[in-house]
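Okay, here's what each chain looks like letter by letter:
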Amino acid sequence: MEKPNIIDKRQIRLEDLKKADYIPFLGGRPKRTTVIKKDDCINLKIYLNTTNGVDDLLKKMGD
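Basis of the calculations
- In this numbering scheme, every chain counts its residues from 1 along its sequence in written order.
- With pLDDT at 70 or above as the cut-off, local features in this predicted model cover only qualifying residues; side-chain atom pairs require 80 or more to be listed or tallied, and sums for whole chains, interfaces and linings still use all residues.
- Values reported for side chains reflect all heavy atoms of the structure, with hydrogen atoms and water molecules removed beforehand.
- Exposure above 30% relative accessible area and the lack of any salt bridge qualify a residue for a patch; like charges then connect within 9 Å, and the nonpolar side chains Val, Leu, Ile, Met, Phe, Trp and Tyr within 5 Å.
- Reported accessibility uses the Shrake-Rupley method at a 1.4 Å probe radius. Residues are deemed covered only where the shown protein chains occlude them.
- Just to be clear on terms, a salt bridge is a Lys or Arg side-chain nitrogen sitting within 4 Å of an Asp or Glu carboxyl oxygen.
- Helix and strand labels come from DSSP, where a helix needs a run of H or I of at least four residues and a strand needs a run of E of at least two; each type is numbered from the N terminus.
- Think of each axis as a best-fit line through the C-alpha atoms, taken over the contacting stretch in the case of a helix, with angles from 0 to 180 degrees between the N-to-C directions.
- Oblique is the label for any angle not under 35 degrees, not over 145, and not in the 65 to 115 range, which are roughly parallel, roughly antiparallel and roughly perpendicular in turn.
- What makes a crossing left-handed is the near helix being turned counterclockwise from the far one by less than a right angle; a clockwise turn instead makes it right-handed.
- Two residues form a contact once any of their heavy atoms are found within 4.5 Å.
- When residues are sorted by character, Ala, Val, Leu, Ile, Met, Phe, Trp, Tyr, Cys and Pro go into the nonpolar class, Asp, Glu, Lys and Arg into the charged class, and all the rest, Gly among them, into the polar class.
- Only protein chains enter the calculation, and the probe is 1.4 Å; a residue is then buried if its accessible area is under 20% of its type maximum, exposed if over 50%, and partly exposed in between.
- Residues adjacent in sequence count toward polar contacts only when both atoms are side-chain atoms; beyond that, a polar contact is any pair of N or O atoms within 3.5 Å, and within protein one must be able to donate a hydrogen and the other to accept it.

**Some words on a nonpolar patch on the surface**
Stage number 1. A cluster of nonpolar side chains, contributed by Leu44, Leu48 and Met61, occupies part of the molecular surface with about 270 Å² of accessible area.
Stage number 2. Among the secondary structure elements, Leu44 is positioned in helix α2 (residues 38-50).

**Concerning the packing of α2 against helix α3 (residues 54-62)**
Stage number 1. Where α2 meets α3, the axes come as close as 9 Å, and the angle between the chain directions of the two elements is 140°. Classified by the interaxial angle, the pair formed by α2 and α3 is oblique. Regarding α2 and α3, the two cross each other, and that crossing is right-handed. On α3, the residues that touch Leu44, Tyr47, Leu48 and Thr50 of α2 are Leu57, Lys60 and Met61.
Stage number 2. Its residues assigned to classes, the contact of α2 with α3 comprises five nonpolar, one polar and one charged.

**Overview of the side chain of Thr51**
Stage number 1. Mapped onto the elements of the fold, Thr51 is located in the loop between α2 and α3.
Stage number 2. A relative accessible area of 15% places Thr51 in the buried class.
Stage number 3. A polar atom in the side chain of Thr51 sits 2.9 Å from the backbone oxygen of Tyr47.
Stage number 4. Residues contacting Thr51, with those up to four places away along its chain left out, are Asp56, Leu57 and Lys60.

Structure (structure tokens):
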């Protein structure tokens, strides 16, 4: 039996809903496992103001 030529155009798939890390649209932010400290916010501002782009930012934050 030949498979039908069907294109899946669904934006939300059932297999996505079953994932533990799935966040529903307008469902709010996920639960945090740690608290964001003031130092973390300051460091992020420094990174944002001292990098030239997203690639440079990600590279700096990975170090």
